[in-house]
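# Geometric and topological summary
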Amino acid sequence: MQKIKSLMARQGLKSPQESLPEVKSPVENFRIPSKEELRELRENPSDPQAEQEIINSIEEIYFSNDSFDVVKYELEKLPCVLNLQDLEEYRDKLKQQQAAVSKKVADLILEKQAAYVKELERVTSLQTNLQLAAVICTNARRQLNIAKEGFTQASLGLLANQRKRQLLIGLLKSLRTIKTLQRTDVRLSEMLEEEDYPGAIQLCLECQKAASTFKHYSCISELNSKLQDTLEQIEEQLDVALSKTCKHFEVSHYTKVQLAYRLLGKTQTAMDQLHMHFTQAIHNTVFQVVLGYVELCAGNSDTKFQKLQYKDLCTHITPDSYIPCLSDLCKALWEVMLSYYRTMSWHEEHDNEESVPTSDGRSEIATDDSNFNRSYVKKKLEHGLSRIWQDVQLKAKTYLLGTDLSNFKYDDFIFVLDIISRLMQVGEEFCGSKSEVLQESIRKQSVNYFKSYHRIRLEELRMFLENETWELCPVKSNFSILQLHEFKFMRQSRSPSVSPSKQYTTTSTAGSLFDQYQNGRNPFEQQTDGKDDETEDVLAANGYESDELEKSAYQDYDSDSDVPEELKRDYVDEQTGDVPVKSVSKETLKSRKKSDYYLNKGNTLILTNTTLNVIRLVGKYMQMMNILKPIAFDVIHCMSQLFDYYLYAVYMFFGREDMYESTGLGLISSRLRTTLNRIQESLIDLEAPPESSGPLTATEERKEKVPSPHLSHLVVLNSTETLYGLAERVVATESLVFLADQFDCLQPHLDAMMPSAKKPFLQQFYSQTVSTASELRKPIYWIVAAKAIDYEQMLHLMANVKWDIKEIMSQHNVYIDTLLKEFEQFNKKLSEVSKRVRIPLQVSNVLWEHCIRLANRTIVEGYANVKKCSNEGRALMQLDFQQFLMKLEKLTDIRPIPDKEFVETYIKAYYLTENDMERWIKEHREYSTKQLTNLVNVCLGSHINKKARQKLIAAIDEPDRPKR
């Protein structure tokens, strides 16, 4: 550096370092080569590449700009044991490096010398300018001192104090704000206790905004974190408040909660949380209800029911507590669904509010976000309907299937069905669901229960039938099955006077259940109403009502003022056509004046206690079917079995008599015969109980069948005085017809409930079974008619008559008088029987028809037994028969006389020629072979040859002739 200075001095330039503080070189210990060294370097030129290699071999640390002690560095590198030769070699190496660097520096200096001179001139110029600036600054300071002395310090002090005052005012305002912020916690706690969540959140957000303004204060930074914790606490309490709306929805409370979430900007989060709370509410509600009943029934048991799963808990419900628990369960679930329904209504009302139009771009963006939130909430709520109802169904299903209901009483089971039916209606109105889960679970329970119940009822019906004495059950003349308690549900569904709370299942115009029960009432509380709130009034006071009513039956048969208008309207609506219930016209009364036994005891209905019991069973079955339509086919099938068994029992008791059945003249139609065979094969157990080793399948099949009933030994059917149990036969047969009429009345209801695929079964049941009930009159009353008159005696009397007389007689034979006396006696006995039981016109007509038909066929049979007969004898036959008809018409109202042509045609056939006889035989197949053979032998025997007789006999025996 000294050499550089000396070089500058020789050139007449003054170094700037002389006037400026000495500047330390960035590289200490850097030595400028001396002249001798420079000259030596110039005189001894070397290879530039070799020099560059030497420079490159210098360690990097020598080129560092930091302060670097070269000597210290080199000394530290010396080894512990010094070797002179090594040191000299290392020294020579360093000298070479130094020489190379010095040469390089000298070359650079010589190369940049012109620039150095120029820059040195600029430094000199800068030094001059600095000296001028120093003079200016000195003058300025002198002027400032003059100004300071010229102005009073008091004026500047006032300005300073005013500025300080303004700063202190701002500080005081900030301090007051900080004090208010610090007291916010107390107010927030008060607002949370008051459940003013929107106000609390608004206050908290404002405090956070203010705190961000004063965040440069250390106390405010702590307050800001505390406010954030408070806001999180508010959100937690807000979530709890939101969960409370799942059980008890209040508009004001929910409005606060929603406004609070809107202030937080978490409307969508609130909706997600709400659905989670509803799901949790359903689970907690049903669990707590069932747990309460289980613990109540368990008493002081130490079992920890709280740890059980809901499914396992349901299995601990006792039968006595099953229905109250189910009712409370449905009430609780209703509250949850009602809360959800009211939540949706709240959102619909608020979504319909018109938003205020704004021109601000930010407001438009906020409106778009609001619309998006409303759309999200709406979709979420609509989707949640089915989810919540599915949860409700699953909880109800678990409870239903947790207990075996097969041993429940009928009313209790109907009560269960009624509750579930009401719950399914709630589900349909809630989300339009058909409640397949509930329907399937209650169907399983119903089928299981109904099979057991129906089996017991069939056994009871057999017991009733075997102990039935077939006495009249005294009911009022205006009796209708709708008056029975079991058919109360049909009256309610049709009567306009029924309150909406009692016709919830049929009234579609009453509005939604959720609208009806908004005021805190519960639809499932209806179940606790008294079941027997009205008593039945169907039994007559003295067996056939009063004497005045009995007289009125003769005086005015058009009057039915004693029948309430509602009941008359019910019958018209049902289109029952039930003749016994309807009044009798005067014209009909006049036409019946000759047979007054059917009018005895007014217009009393003929039915027995067993019939009434069957009708009640039908009503119970229909109740079950009305509540639970999925098992409608099973119920109707069982109802048909009740009717089948009753019909079969009546036939077996009163209509089956082998001795007369073979001569029944087609009394049992093929349709009735088919029906009886079907009943016997499908329902009647004719086999002895199988041994325990028998196959299980046979036992299972027999479980579906019922043993054939046996007539009570108290019923006597072989007494002539009682016309062979005619009263019992009338009661049994007509009660069956009455039962068939009631089934006809119920057909529209059953058809409406029956699934479409199964309707052919119902139509077949009515066409082949119900309609055949009245056909039992023929075989049952035929037995009475066959035994009531001694037809054998008449044949004996006819056999003693001489028919081959030669003169025409004017006096009829005595067998006609005997037969007429038999009919008169029969008429008296009918009158005696009618004092016990009213004999309907249809019954008396059937009885008289049977008796007359048997009498006429007996007459033909007697004529067919004649060995010899003249033309005068044929005239006597006609005389006898005309006398019989004349007297008979005074005893009966039947017109025309049955089988009158049967006798007259047979008598006239005696006058036929041989050719006419053959044609007549082929046309009249209603006569027996014996009767036709007699005609050929007696009438034409002496007038035709043997070959002609054989031809006629062959025509009689043709194979296409029906067997008698």
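What counts as what
- Residues numbered from 1 in each chain as written.
- Predicted model: local features only at pLDDT ≥ 70, side-chain atom pairs only at ≥ 80, totals over all residues.
- Heavy atoms only, no water.
- Helix = DSSP H or I, 4+ residues; strand = E, 2+ residues; numbered from the N terminus.
- Buried < 20%, exposed > 50% of the residue type's maximum accessible area, 1.4 Å probe, protein only.
- Areas by Shrake-Rupley, 256 points an atom, 1.4 Å probe, with all protein chains shown as cover.
- Lys, Arg positive; Asp, Glu negative; His and termini not counted.
- Salt bridge = Lys/Arg side-chain N within 4 Å of Asp/Glu carboxyl O.
- Contact = heavy atoms within 4.5 Å.
- Expected span 1.5 Å × (residues − 1).
- Phe/Tyr/Trp six-rings, centres within 6.5 Å; stacked < 30°, edge-to-face > 60°.
- Lys NZ or Arg CZ within 6 Å of the ring centre and 35° of its normal.
- Patch = residues over 30% accessible without salt bridge, like charges linked within 9 Å, V, L, I, M, F, W, Y side chains within 5 Å.
- Core = buried A, V, L, I, M, F, W, Y, C linked by side-chain atoms within 4.5 Å.
- Axes fitted to C-alpha atoms, helices over the stretch in contact; angles between N-to-C directions.
- Parallel < 35°, antiparallel > 145°, perpendicular 65-115°, else oblique.
- Left-handed = near helix turned anticlockwise from the far one by under 90°.
- Nonpolar A, V, L, I, M, F, W, Y, C, P; charged D, E, K, R; others polar.
- pLDDT = per-residue confidence, 0-100.

### So, the overall build of the protein
Helix and strand content of the protein: 38 helices and 2 strands. The 964 residues of the protein split such that 41% are buried. A total of about 53,300 Å² of accessible surface is found on the protein, and carbon and sulfur atoms cover 52% of it.

### Things to note about the side chain of E904
Assignment of secondary structure puts E904 in helix α35 (residues 900–908). Buried E904, no salt bridge; nearest opposite-charge side chain is K900, N-O distance 4.2 Å. The residues touching E904, leaving out its near neighbours within four places in the chain, are F881, Q882 and L885.

### What about helix α12 (residues 267–298)?
Between its terminal C-alpha atoms α12 stretches 45 Å, which fits the 46 Å expected from 32 residues at 1.5 Å a residue. Following α12 by one or two positions, G299 adopts a phi angle in the positive range, close to 70°.

### Overview of the environment of R838
Structurally, R838 can be placed in the loop between α32 (814–836) and α33 (841–864). Distance in space between the C-alpha atoms of R838 and L605 is 8.5 Å, their sequence separation being 233 residues.

### Regarding the pattern of salt bridges
Evaluation of the coordinates by the stated rule reveals 27 salt bridges. For E734, the salt bridge identified is with R777, shortest N-O distance 2.7 Å. Placement of E734 in helix α28 (residues 726–753) and of R777 in helix α30 (residues 777–788) is noted, with a sequence separation of 43 residues between them. Given a relative accessible area of 12%, R777 falls into the buried group. Connected through salt bridges with shared partners, the residues R455, E459, R462 and E466 form a single ionic network.

### Structural notes on the packing of aromatic side chains
According to the stated counting rule, one finds 31 aromatic pairs in the structure shown. Between F278 and Y340 the ring centres are 5.0 Å apart and the planes differ by 80°, which places this aromatic pair in the edge-to-face class. Remark: Y340 occurs in helix α14 (residues 319–351) and F278 occurs in helix α12; sequence separation between them is 62 residues. Exposure remark for Y340: the relative accessible area of 0% places this residue in the buried category. With 6.2 Å between their ring centres and 85° between their planes, F653 and F654 make a pair best called edge-to-face. On the accessibility criterion, F653 (8% relative accessible area) is buried. Every member of this aromatic cluster is reached through a ring pair, and the members are Y410, F413, Y449, F450, Y453 and Y621. Its end group placed over the ring of Y453, R457 keeps NZ or CZ at 4.3 Å from the ring centre. The ring of F902 is capped by R857, whose NZ or CZ atom sits 4.4 Å from the centre of that ring.

### A few points about a nonpolar patch on the surface
Together, V71, L75, L78, L82 and L87 make up a nonpolar patch on the protein surface, roughly 440 Å² of accessible area in all. Along the polypeptide, L75 turns up in helix α4 (residues 70–77).

### Let's talk about the nonpolar core
With 219 residues, the main nonpolar core has F823, Y863 and F884 as its most contacted residues. The residues contacting F884, other than those within four sequence positions of it, are I816, L819, L820, F823, A855, N856 and I859.

### Thoughts on the packing of α33 against helix α37 (residues 929–939)
Put simply, α33 and α37 touch, their axes get as near as 9 Å, and they point 45° apart. Our classification of the angle between α33 and α37 gives oblique. Handedness of the α33/α37 crossing: left-handed. Counting all contacts with α33, which are made through V860, E861, Y863 and A864, the residues of α37 involved are K930, Q931 and N934. Among the residues forming the contact of α33 with α37, the class breakdown is 3 nonpolar, 2 polar and 2 charged.

### Quick look at the environment of L723
With respect to the secondary-structure elements, L723 resides in the loop between β2 (706–707) and α28. Residues L723 and I783, 60 residues apart in the sequence, show an inter-C-alpha distance of 10.0 Å. Setting aside residues up to four positions removed in sequence, L723 forms contacts with V784, A788, F826, K829, L830 and V833.

### Here we look at the confidence of the model for the protein
When pLDDT is averaged along the protein, the result is 76; 72% of the residues meet or exceed 70. Between residues 495–511, whose pLDDT stays under 50, and residues either more than four places distant or in other chains, the model counts 18 contacts. Predicted confidence is poor over residues 690–698, with pLDDT under 50, and the contacts of this stretch with residues over four places away or in other chains come to 2 contacts.

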